[in-house]
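# Fold and geometry: a report
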Amino acid sequence: MKHTCTLVLFACLIFLASCKEDEVAKQEPETPIAVTTLAGSAQGLKDGVGTDAQFYYPSKLALAASGDVYVIDQDGTAVRKISSNGSVSTILASHPKKIVALVIGKDGTIYIGGESWIGKLQQDGTVEVIANAPDMSQDVFFYRLTSMEMLPDGSLILFEMTNHRVINITTTGKVISVLCNHPFGYEGGDRNGKLRDIYFAEVYDMFVTSAGEVYFTDWFRHDLRKISTDKVVTTVVGTDYATPFSFPMGVTRSKEGVLYLVEKDRIVKVDEAGNYQTFAGGIPGYLDANGASAQFWNPFDVLLSNDEHTMYVADCLNNRIRKVTF
């Protein structure tokens, strides 16, 4: 009887060990965060593939439905297109007015914005101006545009610095509403609350969710903030300048609600509760590597691919477009 119990116990131990092995086998290995150069090398305006291409201070990014990445380049006077294999072509060069904003509509229309104008980029490389500040009335006039995005209804939302305005317009340039307007006085954007009561100093970039929430980097206040669908402003990360960021730039968000932003020399990952960690980078320089070993130099913008396992970064001072896979 004793031998029988021993054999049963031994068999149970083998069974439990086997289950443990199966459990370990089922655990997915942690996916490495790999940073590589998609395109770019030395400073310049040269089309080509991969490192044969050249950029000159690439800044804002936009993603087309095709998966092609568009970028404002040539220190704000050009728009370039980058395919998934790193092939770079110039679709607009040497524009006389500096370009600061870039948006692609669901139908593929490319919208660009300067400090006091918004236009559609035509297939022949010309620009059709749809809104020009000098032609607008003072109550909706905008100057020093810093960021532009498209809302779920297909209209555009603009942030501008001079009057601390947030303006909603159609893609034909008709003003729908001024969501906040503070032409007199200056408070640096250090309050939260109803959007109509808020001042903004300098919003560098924003991301609009499918529900219409707007996440934005408040460059002047060094934090990441949000406008809810009922037009209330809250801070996701940061309070009264005592924040983990130096000067946050581009921001993007996954369908699961994970936010990524770039600043100084790194990509930061932020959850909805405001918990944050360095996702990749952290040391200024240029190095293709994994995770924290990678190096960036003043990345200006970030966006996620359609499958959300690839990220693109406009690495401004390195004159490169970096690809992050995870």
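Attention in this report is confined to the structure presented alongside it. Only a predicted model underlies this, so the values are computations on that prediction, with no experimental measurement involved.

We now examine the sheet that holds strand E18 (residues 223-227). Here we have five strands laid out as an open sheet, ordered E15-E19-E18-E17-E16, and antiparallel in their pairing. Each edge of the open sheet is held by one strand with a lone partner, namely strand E15 (193-194) and strand E16 (203-208). Sheet topology note: the E16/strand E17 (residues 214-218) ladder contains five bridges and is antiparallel. Residue pairing in the sheet places Val-208 in a bridge with Val-214 of E17.

Taking burial as the measure, the five residues of strand E21 (residues 259-263) include five buried ones, the bulk of the element. Residues Leu-259, Leu-261 and Glu-263 point to one face of E21 and Tyr-260 and Val-262 to the other, with burial holding for every one of them. Counting the residues that bridge the hairpin from strand E20 (residues 248-253) to E21 gives five residues, and of these Gly-257 lies at a positive phi of roughly 95°. Where E21 meets strand E22 (residues 266-270), five bridges bridge the pair, whose relative direction is antiparallel. By the bridge assignment, Glu-263 is partnered in E22 with Arg-266. What sits between E21 and E22 in their antiparallel hairpin is a turn of two residues, with Lys-264 showing a positive phi close to 55°.

This part is about the environment of Phe-300. Within the secondary structure, Phe-300 is located in strand E26 (residues 299-304). With a relative accessible area of 22%, Phe-300 lands in the partly exposed category. In sequence terms Phe-300 and Leu-317 are 17 residues apart; their C-alpha atoms lie 9.0 Å from each other. With near-sequence residues (within four places) excluded, Phe-300 lies in contact with Pro-58, Ser-59, Tyr-204, Met-249, Gly-250, Val-262, Ala-314 and Cys-316.

So, about the side chain of Arg-80. By secondary structure assignment, the location of Arg-80 is in strand E5 (residues 78-82). Reaching out from Arg-80, the side chain makes a polar contact with the backbone oxygen of Lys-46 at a distance of 2.9 Å.

The subject of this paragraph is the packing of aromatic side chains. By the definition in use, this model includes eight aromatic pairs. With 5.9 Å between their ring centres and 80° between their planes, Tyr-204 and Phe-300 make a pair best called edge-to-face. Taken as a pair, Tyr-204 in strand E16 and Phe-300 in strand E26 lie far apart in primary sequence, 96 residues in all. On the numbers, 5.2 Å between centres and 70° between planes, the contact of Tyr-260 with Phe-279 is edge-to-face. On the criterion of sequence distance, the pair formed by Tyr-260 in strand E21 and Phe-279 in strand E23 (residues 276-281) is long-range, its members being 19 residues apart. Among the aromatic side chains, those forming a connected cluster through ring pairs are Tyr-260, Phe-279 and Phe-326. Looking at Arg-322, its charged tip hangs above the ring of Phe-296, at a distance of 4.9 Å from the centre.

With respect to the helices and strands, Ser-116 occurs in the loop between strand E8 (110-113) and strand E9 (117-121). Those residues in contact with Ser-116, other than ones at most four positions away along the chain, are Ala-131, Asn-132, Ala-133, Pro-134, Phe-142 and Tyr-143.

With that settled, consider the sheet that holds strand E12 (residues 156-160). Across the sheet, which stays open at both edges, the four strands sit in the order E11-E12-E13-E14 with antiparallel pairing between neighbours. Edge strands, defined here as strands with exactly one partner in the open sheet, are strand E11 (145-150) and strand E14 (175-180). Adjacent strand axes in the sheet meet at a mean angle of 20°, parallel and antiparallel pairs treated alike. Relative to strand E13 (residues 165-169), E12 is paired through five bridges, and the arrangement is antiparallel. Among the inter-strand pairings, Ile-157 is bridged to a residue of E13, identified as Asn-168.

Conventions adopted
Residues numbered from 1 in each chain as written. Predicted model: local features only at pLDDT ≥ 70, side-chain atom pairs only at ≥ 80, totals over all residues. Heavy atoms only, no water. Pairing = 2+ DSSP bridges. Helix = DSSP H or I, 4+ residues; strand = E, 2+ residues; numbered from the N terminus. Buried < 20%, exposed > 50% of the residue type's maximum accessible area, 1.4 Å probe, protein only. Contact = heavy atoms within 4.5 Å. Polar contact = N/O pair within 3.5 Å; in protein donor to acceptor, adjacent residues only side chain to side chain. Phe/Tyr/Trp six-rings, centres within 6.5 Å; stacked < 30°, edge-to-face > 60°. Lys NZ or Arg CZ within 6 Å of the ring centre and 35° of its normal. Axes fitted to C-alpha atoms, helices over the stretch in contact; angles between N-to-C directions.

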